[in-house]
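Each chain, letter by letter, is given below.
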Amino acid sequence: MNFEGLDPGLAEYAPSIHSTLDPVLDAHLNPSLLQNVELDPEGVALDALPVQESVHIMEGVYSELHSVVAEVGVPVTVSHFDLHEEMLWVGSHGGHATSFFGPALERYSSFQVNGSDDIRQIQSLENGILFLTKNNLKYMARGGLIIFDYLLDESEDMHSLLLTDSSTLLVGGLQNHILEIDLNTVQETQKYAVELPGVTIMRQTNRFFFCGHTSGKVSLRDLRSFKVEHEFDAFSGSLSDFDVHGNLLAACGFSSRLTGLACDRFLKVYDLRMMRAITPLQVHVDPAFLRFIPTYTSRLAIISQSGQCQFCEPTGLANPADIFHVNPVGPLLMTFDVSASKQALAFGDSEGCVHLWSDSPEPSFNPYSRETEFALPCLVDSLPPLDWSQDLLPLSLIPVPLTTDVLLSDWPAANSAPAPRRAPPVDAEILRTMKKVGFIGYAPNPRTRLRNQIPYRLKELDNEFDSSSQVTESLIGREEEPHLHMVSKKYRKVTIKYSKLGLEDFDFKHYNKTLFAGLEPHIPNAYCNCMIQVLYFLEPVRCLIQNHLCQKEFCLACELGFLFHMLDLSRGDPCQGSNFLRAFRTIPEASALGLILADSDEASGKGNLARLIQRWNRFILTQLHQDMQELEVPQAYRGVGGSSFCSSGDSVIGQLFSCEMENCSLCRCGSETVRTSSTLLFTLSYPEGSNCDKTGKNYDFAQVLKRSICLEQNTQAWCDNCEKYQPTIQTRNIRHLPDILVINCEVNSSKEADFWRIQAEVAFKMAIKKYGGEISKNKEFALADRKELRSPEGLLLCSSIEELKNVWLPFSIRMKMTKNKGLDVCNWTDGDEVQLSSLGAPSQWGLAKAEEERGVCVYDLMATVVHILDSRTGGSLVAHIKVGETYHQRKEGVTHQQWYLFNDFLIEPIDKHESVQFDMNWKVPAILYYVKRNLNSRYNLNIKNPIEASVLLAEASLARKQRKTHTTFIPLMLSEMPQVGDLVGLDAEFVTLNEEEAELRSDGTKSTIKPSQMSVARITCVRGQGPNEGIPFIDDYISTQEQVVDYLTQYSGIKPGDLDAKISSKHLTTLKSTYLKLRFLIDIGVKFVGHGLQKDFRVINLMVPKDQVLDTVYLFHMPRKRMISLRFLAWYFLDLKIQGETHDSIEDARTALQLYRKYLELSKNGTEPESFHKVLKGLYEKGRKMDWKVPEPESQTSPKRNIPAGHGGASL
């Protein structure tokens, strides 16, 4: 920490004051501190002053836990949480060090480090503690013994140290160099030059050293050479503190004013991916210290010297409500530190007091701390009592003299029997998943215990063996998991089992026997898969989104349209929304709403998925509404009658979902204020109080829905007439009905869940009584009771009584606008329509149209999104969707409607009653979609492809340094535009964003838990015919804003800097720009030739019809044999040596085209499969002999002599 600009009163502490440890009251000491404290005249150190014992700590909120005195009246200059043991170290202005053990801050050790200089930094190591003073580095044991004492030059003024590894240390200060010291030899190994006035703060990540200068700059230096890579000029005055976490750097400091230095209330925040500043963060305290506290989010803790502390997000807005106050004994806080576990905060003030704050009553300083050694009491004079009932009490506490006599505990063998410790029962999950090979069983690790550790609870273990509640080990007990007995198998979370071939041998057809496409769940933030399916099966939304195209790089409407196009093309194969979710992660509003989940939270299910998907539902509708407002409405979306589909300033999303509301505020003075607003969805508001639930009072869903739409509540609001806040009655009325009614259920607590459960039970009883049934007292039915229920008119209502259980939601609702701006809502059943038809009413379509003219609308349930509660996997989200006739017509050639369950890539037809049955123990409703009857007939739903041929023409590069001399391709001319059936050579290169996660099984095999996340970095397309055959017309490097962990240069040819617009010399474009080029080629009907195109298209996130893909991997492949590399095929058939040091996508694409020509030549255009089979046999024989390795130039030349006569030579 840089102390420039702090309270000048600190300079009054002369070093001579603290040269001795006299317990004399210092002149600067607050006299109130020593009330009721008696100083020992013999000079014994003052004991800690703990706070009162009953300290109430609220979980998750930091509160003061303990406060102790390190040295009376001597300022604390540094604090440090021990990284190996549960200890807190503090250093004083007088050079004295004190350690405290545990959250109770019991004094552990106290010793003098330096007689004249203050302690400026503390660093804990495995065997001791490093202390840095002005010109001295001292390594001492935790008890106070000196391990080494390294004296620096007297002219040095050191301020900071940084442990780069277990044996190397960097020391910096107010001089023009930084020293590197080897802790093993205790010698200076390197001296790095830095600019004056020097470095006072140092941090380290896996990419850079970060050095903070008193001039207000932060420099980023290379980890190996220590050269400056980047520099941020943060403050004009001086730097106070900074911290680094992930891709963010936050700094606080002082700015130059006319009167001198002033504390700047704007924190400077920098994005380390783009190496530029983002929006400064304004805080409400004078920041002197700051630290990232990454627990649930990347929070920042900002501390002022006066004791104010504020928490805020580095990319959000600071809230004054997030400020709490530390009550220092002295006037100033001098130091601040955060424990490794993020559960404890330590503050040191100018009067020598240390304050410990925590978010739990018994915090731990480290995730895994070793046991602390305490000095044993002297056992000579008195021996402690030995409690024989304590099983783990060491018997060595009682000293026993060495003797050769027989001891009393040495029982003869005849009087004793061995009693081995019984092994604990095997986990039921292991038994269920165990596979036997011979007499040995193998099972995946359920990760319920630490590896190679079995906790032995001696007494409890015996009770468990005697208990009758022990899980059975029979085969019956293994078939079904106890915690999933309620959850139907098709509703459980589905996962992809990866093998050596990745996804190629995973049987998706086992989970989806339909022709609809599922969505893969392994992508980050794929929890929204079910909602993507809901939007896709809304026919107007599907057509609207696919007609949309704009110039924004990250437009959710565009990316959703591309994903919908893939779902249209798929014939049962799963798709992935990687590009859509990539754009989703870049939207600032999504991050602000907490919709971006970390991988660990998503895997463990820490987030509340029901609340999350409801927030996502509101966000996506709002975002699509905004995206569609920016463009003119497409011609495809004109009304049937010829009128414009939407009004000026509105969007088609707004026309489909939006509801205009009239909000009235009535003050008790009689003043009334009316304003209009619009909403895209409604949230259910349940009846207040729980008495209705206990008494079983019946509420129709229509009643609750009307209450939620026409909401009335009492609240405090500003009254212009009274000119102050007054109690007002807020009422909301609807002006017109939407075409699609979206409802968030908000079942977020047991109160709402009980309400749904009670209403379902009441509805069940009423349905049985209405249709002549009776319910037994135990609510169970005999087999004879499971009969069909029919209405008095003979209409079949349900096939069995079971279909009426857990049902409260109606399939249809009827809504009517009244003349006095009111709203009537009622449940609508098929029986009501039959009665109307029997009275001579028109057909269903005519009835809906006639009623709508009178302000009456009938809405049919189209989709329900439910939260599946599963304690083992953290739960999941699934959707029930009523798929309409148009989708069945396109996919299966039939015209009917059917309800389906969509559980990621699992798709299964279900009965309609299953979509509204909610067993609140495991199946909780989250979102409802009601669609106005005959909605599709109102609009022209033709899709016009918005991608034009102009996307293939020349475009500017994003790279600043690119010149025409570096161009590696020639764009297509208008006369060269591809036609149906034209050949295009394609190759793509990728970089890694996240490494693969795998585990090693007990039998030695590797199991992939999560594959590596790849991102396309380069796409090349070459001409496949014409005079310019083999010349690329696309060679785009794809810019990415996400952090790349591995450029895979050996395989991709991509080097660091190629994807950076500031320094790249390549033709750099956005992923969307190149994606549109490929989409145009696919839509026009070209045939792609390449090697391993299946993976390329998968990472690019494209769905290409199989008849448009010519993959040389499969052309030169024999069944049940290995796949052959492009390099070996080029050497064998074309006598080409490719991919020498690295890969080049242009070379690979050209080679694939030549191999395809060779294939046509060898197989006589596919007319002679037998002769080509002989060629393949020779290829595989040669490959086995060569171990599939291309020989070096001096070892062997062309292999063409192995190819049968008449089949030699490439055509290109």
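Everything numeric here is computed off the predicted structure, so don't read it as measured data.

## What about the overall build of the protein?
- If you tally the helices and strands in the protein, you get 24 helices and 55 strands.
- A burial count over the protein gives 49% of its 1212 residues as buried.
- For the protein, contacts bridging at least 24 residues in sequence account for 60% of all contacts bridging at least 6.
- Here the protein has roughly 60300 Å² of accessible surface; of this, 51% comes from carbon and sulfur atoms.

## Concerning the sheet that holds strand β2 (residues 76–81)
- As summarised here, the arrangement of the four strands in space is β2-β3-β4-β5, forming an open sheet in which the pairing is antiparallel. Where the open sheet ends on each side, the last strands, each with one partner, are β2 and β5 (106–112). If you compare each strand with its neighbour and ignore which way they point, the axes differ by 20° on average.

## As for the side chain of S665
- Mapped onto the elements, S665 comes out in strand β33 (residues 659–667).
- When its relative accessible area of 10% is taken as the criterion, S665 is described as buried.
- Side-chain polar atoms of S665 contact the side chain of Q730, separated by 3.2 Å.

## Description of the packing of aromatic side chains
- For the structure on display, the rule yields 51 aromatic pairs.
- Taken together through their ring pairs, the aromatic side chains of F1116, F1128, W1131, Y1132, F1133, Y1156, Y1159, F1172, Y1180 and W1188 make up a single cluster.
- Between K268 and the ring centre of F235, over which it is positioned, the NZ or CZ distance is 4.8 Å.
- Looking at R890, its charged tip hangs above the ring of Y887, at a distance of 4.6 Å from the centre.

## Here's the deal with the environment of V674
- Examined against the element boundaries, V674 turns out to sit in strand β34 (residues 672–679).
- Using a relative accessible area of 47% as the deciding quantity, one classes V674 as partly exposed.
- Remark: the alpha-carbon pair of V674 and C664, spanning 10 residues in sequence, is separated by 4.5 Å.
- With sequence-adjacent residues up to four places away left out, V674 is seen in contact with E662, N663 and C664.

## Observations regarding the pattern of salt bridges
- Applying the stated rule across the entire model yields 33 salt bridges.
- Where E660 meets R735, a salt bridge forms, and the shortest distance between an N and an O atom there is 3.1 Å. Of the two residues, E660 sits in strand β33 while R735 sits in the loop between β37 (724–734) and β38 (740–744), which places them 75 residues apart along the sequence.
- Here E660 falls in the partly exposed class, since its relative accessible area comes to 31%.

## Observations regarding the sheet that holds strand β11 (residues 168–173)
- Taken in spatial order, the four strands of this open sheet run β10-β11-β12-β13, and their pairing is antiparallel. The open sheet has two edge strands, β10 (158–165) and β13 (187–193), and neither has a second partner. Strand after strand, the sheet turns through a mean of 25° between neighbouring axes, direction not considered.
- The pairing of strand β12 (residues 177–182) with β13 spans six bridges and is classified as antiparallel. Each bridged residue has a counterpart across the sheet, and for E180 the counterpart in β13 is Q190.

## Some points on the nonpolar core
- Formed by 106 residues in total, the largest nonpolar core has its most connected members in Y527, I613, W616, F657, I740, Y929 and F1088.
- Ignoring any residue separated from it by four or fewer positions in sequence, one finds I740 in contact with L538, V541, L656, F657, Y929, Y930, V931 and L935.
- L737, F755, L906 and L928 belong to the second largest nonpolar core, which has 55 residues in total.

## Topic: helix α24 (residues 1169–1186)
- For α24, spanning 18 residues, the distance from its first C-alpha to its last is 25 Å, which sits close to the expected 26 Å at 1.5 Å a residue.
- Among all positions of α24, only F1172, V1175, L1176, L1179, Y1180, K1182, G1183 and M1186 are buried. Seen end-on, α24 carries its buried residues on one side only, within an arc spanning 165°. Opposite the buried face of α24, at more than 90 degrees from it, the exposed residues are E1170, K1174, R1184 and K1185.
- Lining the buried residues of α24 we find α21 (1112–1115), α22 (1126–1134) and α23 (1145–1162).
- Of the residues one or two after α24, D1187 is the one with positive phi, at around 55°.

## Focus: the pairing of β5
- In terms of strand pairing, strand β4 (residues 96–101) meets β5 through six bridges, oriented antiparallel. Paired with S99 across the bridge in β5 is S109.
- In sequence, β4 turns back onto β5 through a hairpin of four residues, with G102 there showing a positive phi of about 70°.

## Description of unusual backbone geometry
- Here the bond from L196 into P197 is cis, since omega is 10°, no more than 30 degrees from zero.
- Its identity as a non-glycine residue notwithstanding, L1048 has a phi of 50°, on the positive side.

## Remarks on the environment of K509
- Here K509 is to be found in the loop between α3 (475–479) and α4 (529–536).
- C-alpha separation for the pair K509 and I907, spaced 398 residues apart in sequence, amounts to 9.7 Å.
- Beyond its immediate stretch of four places on either side in the chain, K509 contacts R571, G572 and D573.
- A polar contact is formed between the side chain of K509 and the backbone oxygen of R571, at a distance of 3.5 Å.

## A few points about the pairing of strand β15 (residues 208–213)
- Burial analysis of β15 places six of its six residues in the buried class, the great majority of the element.
- On β15, burial covers both faces: F208, F210 and G212 on one face and F209, C211 and H213 on the other are all buried.
- Counting the residues in the hairpin turn of strand β14 (residues 199–204) and β15 gives three residues.
- Relative to strand β16 (residues 217–222), β15 runs antiparallel, the two being bridged by five bridges. Each bridged residue has a counterpart across the sheet, and for F208 the counterpart in β16 is D222.
- Hairpin remark: β15 followed by β16, antiparallel, with three residues in the connecting loop; positive phi at G216, about 100°.

## Digging into the packing of α22 against α23
- Relative orientation of the contacting elements α22 and α23 amounts to 50°, with a least axis distance of 10 Å. Classed by the angle they form, the pair α22 and α23 counts as oblique. As α22 runs across α23, the sense of the crossing is left-handed. On α23, the residues that touch L1126, L1129, A1130, F1133 and L1134 of α22 are D1148, T1151, A1152, Q1154, L1155, K1158 and L1162.
- Looking at side-chain class alone, the contact of α22 with α23 contains eight nonpolar, two polar and two charged residues.

## Some points on the state of the cysteines
- Counted under the stated rule, the structure contains zero disulfides.
- Here C528 is not cross-linked by a disulfide; its sulfur's nearest cysteine counterpart is in C530, at 7.7 Å.
- As a non-bridged cysteine, C667 has C669 as the owner of its nearest cysteine sulfur, 3.5 Å distant.
- Since its relative accessible area comes to 5%, C667 is described here as buried.

Reading the values: the criteria
- Residues numbered from 1 in each chain as written.
- Predicted model: local features only at pLDDT ≥ 70, side-chain atom pairs only at ≥ 80, totals over all residues.
- Heavy atoms only, no water.
- Helix = DSSP H or I, 4+ residues; strand = E, 2+ residues; numbered from the N terminus.
- Buried < 20%, exposed > 50% of the residue type's maximum accessible area, 1.4 Å probe, protein only.
- Contact = heavy atoms within 4.5 Å.
- Areas by Shrake-Rupley, 256 points an atom, 1.4 Å probe, with all protein chains shown as cover.
- Pairing = 2+ DSSP bridges.
- Axes fitted to C-alpha atoms, helices over the stretch in contact; angles between N-to-C directions.
- Polar contact = N/O pair within 3.5 Å; in protein donor to acceptor, adjacent residues only side chain to side chain.
- Phe/Tyr/Trp six-rings, centres within 6.5 Å; stacked < 30°, edge-to-face > 60°.
- Lys NZ or Arg CZ within 6 Å of the ring centre and 35° of its normal.
- Salt bridge = Lys/Arg side-chain N within 4 Å of Asp/Glu carboxyl O.
- Core = buried A, V, L, I, M, F, W, Y, C linked by side-chain atoms within 4.5 Å.
- Expected span 1.5 Å × (residues − 1).
- Arc of directions from axis to C-beta.
- Parallel < 35°, antiparallel > 145°, perpendicular 65-115°, else oblique.
- Left-handed = near helix turned anticlockwise from the far one by under 90°.
- Nonpolar A, V, L, I, M, F, W, Y, C, P; charged D, E, K, R; others polar.
- Disulfide = S-S within 2.5 Å.

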